[in-house]
Amino acid sequence: MKNYRLLSAVVLSGMILASFGGCGNKDNSSSEVPSAESSLDESQIAAVQKPGLKFTYGEPSTSGNTLDNPDPTAPATTSSSNSGNAVTSVATVTDAQGSAVTQIADVTDSAGAVVTTQAIVTDSAGTPVTEAGGAVVTTVVNVTEVVNKTEIVTDSDKPDDTETTTSGGSSYQADMKTFNAMWLDVSESKNYTFNDTFIEVKVKINEDIPDGKYPINITWPDFAAYDPEVIGKSIDPDHTVNGYIYVNVPAEEQTIPSDGFTVIAENVEAKQGGEAVIKFDIKNNPGICAVNFNFEYDENAITIDSAYAVGEFEKISDGNLS
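Quick summary incoming for the structure in this document. Chains are numbered independently. Their residues run from 1 in the order of the written sequence. Given that this is a predicted model, residues contribute local features only at a pLDDT of at least 70 and side-chain atom pairs are listed and counted only at 80 or more, while totals for whole chains, interfaces and linings are drawn from all residues. The side-chain values count all of the structure's non-hydrogen atoms but skip hydrogen atoms and water molecules.

The secondary structure listing takes helices from DSSP runs of H or I that are at least 4 residues long and strands from runs of E that are at least 2 residues long, numbered from the N terminus. When helices and strands are tallied, the chain shows 3 helices and 21 strands. For the chain, with 322 residues in total, the buried portion stands at 34%. The long-range share in the chain, meaning contacts at least 24 apart out of those at least 6 apart in sequence, stands at 75%. For the chain, the accessible surface area stands at approximately 18100 Å², while carbon and sulfur atoms represent 47% of it. Relative accessibility decides the category of a residue: with a 1.4 Å probe and only protein chains considered, values under 20% of the type maximum give buried, values over 50% give exposed, and everything between is partly exposed. Contacts are assigned to residue pairs with any non-hydrogen atoms lying within 4.5 Å of each other. Surface accessibility follows the Shrake-Rupley procedure with a 1.4 Å probe radius. Residue values consider only the protein chains on display as shielding.

So, on to the pairing of strand β11 (residues 196–205). Burial of β11 is extensive: 7 of the 10 residues sit out of reach of the surface. If DSSP finds at least two bridges between two strands, the strands pair. With 8 bridges joining them, β11 and strand β18 (residues 275–283) adopt antiparallel strand pairing. The partner of K204 across the bridge, within β18, is E275. Across 7 bridges, β11 lies against strand β20 (residues 302–309) in antiparallel orientation.

Two rings from Phe, Tyr or Trp (for Trp, the six-membered ring) form a pair when their centres are within 6.5 Å of each other. A pair whose planes differ by under 30 degrees is stacked, one over 60 is edge-to-face, and the rest are tilted. As enumerated under the stated definition, the model contains 17 aromatic pairs in all. Between W183 and F194, the aromatic rings sit 6.1 Å apart at their centres with planes inclined by 80 degrees, giving edge-to-face as the arrangement. Remark: F194 occurs in the loop between β10 (176–184) and β11 and W183 occurs in strand β10; sequence separation between them is 11 residues. Side by side, W183 and F194 carry an identical accessibility label, which is buried. Aromatic rings pair up to connect F55, Y57, F179, W183, Y192, F194, F198, F280, F293, F295, Y297 and F313 into one cluster. Sitting over a ring, as applied to charges here, requires NZ of Lys or CZ of Arg to be within 6 Å of the ring centre and within 35 degrees of the ring normal. The ring of Y244 carries the charged tip of K213 above its face, separated from the ring centre by 4.5 Å.

As for its position among the elements, V140 is in strand β5 (residues 138–142). Linking V140 and Q118, residues 22 residues apart in sequence, is a C-alpha distance of 4.7 Å.

A few words now on the environment of T127. Note that T127 resides in the loop between β4 (116–120) and β5. T127 gets classed as partly exposed once you look at its relative accessible area, which sits at 42%. With residues near it in sequence (within four places) discarded, T127 still touches V121 and T122.

By size, the foremost hydrophobic cluster in this structure holds 43 residues, and its most contacted members are F194, V201, I245, F280 and F293. Not counting residues up to four positions away in its chain, the partners in contact with F293 are F179, N180, A181, F198, I199, I218, V263 and F280. Core analysis: the next-biggest nonpolar cluster, separate from the first, contains 5 residues, L184, V186, A224 and A290 among them. Buried residues of nine kinds, namely Ala, Val, Leu, Ile, Met, Phe, Trp, Tyr and Cys, make up a nonpolar core once their side-chain atoms join them within 4.5 Å.

All right, on to the pattern of salt bridges then. Between Lys or Arg on one side and Asp or Glu on the other, a salt bridge is scored when a side-chain nitrogen of the former is within 4 Å of a carboxyl oxygen of the latter. In total, this model carries 8 salt bridges according to the counting rule given. In this structure, D185 and K50 form a salt bridge, with 3.9 Å as the shortest nitrogen-oxygen distance. Of this pair, D185 sits in the loop between β10 and β11 while K50 is found in the loop between α2 (42–49) and β1 (54–60), placing the two residues 135 residues apart along the sequence. Under the relative-accessibility criterion, D185 is labelled buried at 2%. Among the ionic pairs, D175 bridges to K177, the shortest N-O distance being 3.7 Å. Several salt bridges share partner residues, and in doing so they unite D175, K177 and E299 into one network.

Written out as structure tokens, the structure is:
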């Protein structure tokens, strides 16, 4: 991502420019040549310190994430790996001449218990051992048999193809793109602690896609805090929770951590040709002054319509995409 980890630099620039707020009215008769920073007026400095909320989208994803299922219609047992589906089977072990290798194995009954029997105890010469009264000594031993030795083998000789075809005959290939939200406000030299839903993205569901779930993956959530002792202090979330758009199938329940700074993409249900609103939440916000928030979506499945700030974040930000 081009703007990944740029927040520290952006916050730094905004804080430095704050010190030039009164420099725009220097005496022009001075023999000194004013610096670029000192020539900025208050409105220009404000534009750097509080540029507002900006959205961009449609760039190819560069996260390197592997989708858990590139075909949303595929059953859970279908692999989504680019290297194809691995198939395992049991095979008989053979020697160099191709003959089956055998081994001794315990005999078991229908319940899986080892079958035992009484066997006569013999000495080193093979003579049965007897008691003082002449009775032959016996002991309990496992019943064994000779069986062919087997092993588990894997057949990974499958085409290297990112497209998966379901048993029903339909095929689908995702086209993951990136959405970015950028916000900064160091004009008040403080942090903001908004929580709950802070951004909503309205999308249109493409009509020709199959039923299934389409991922909304949070990537590189980069935040920064105002700290006079640490310029451009970066803050990483403790948890991120990805979501899905469930098209014509029931949404699954998400597991949300109860503690720690958490960013969430909520699950949402929709139908082909309809609309959906993807909600992004923040929990346990420690206080931030800048956001560089990114998520990836499948452009073959959805079309971005608009994006906007909501809740507490709407009151402190200024920006929308429509």
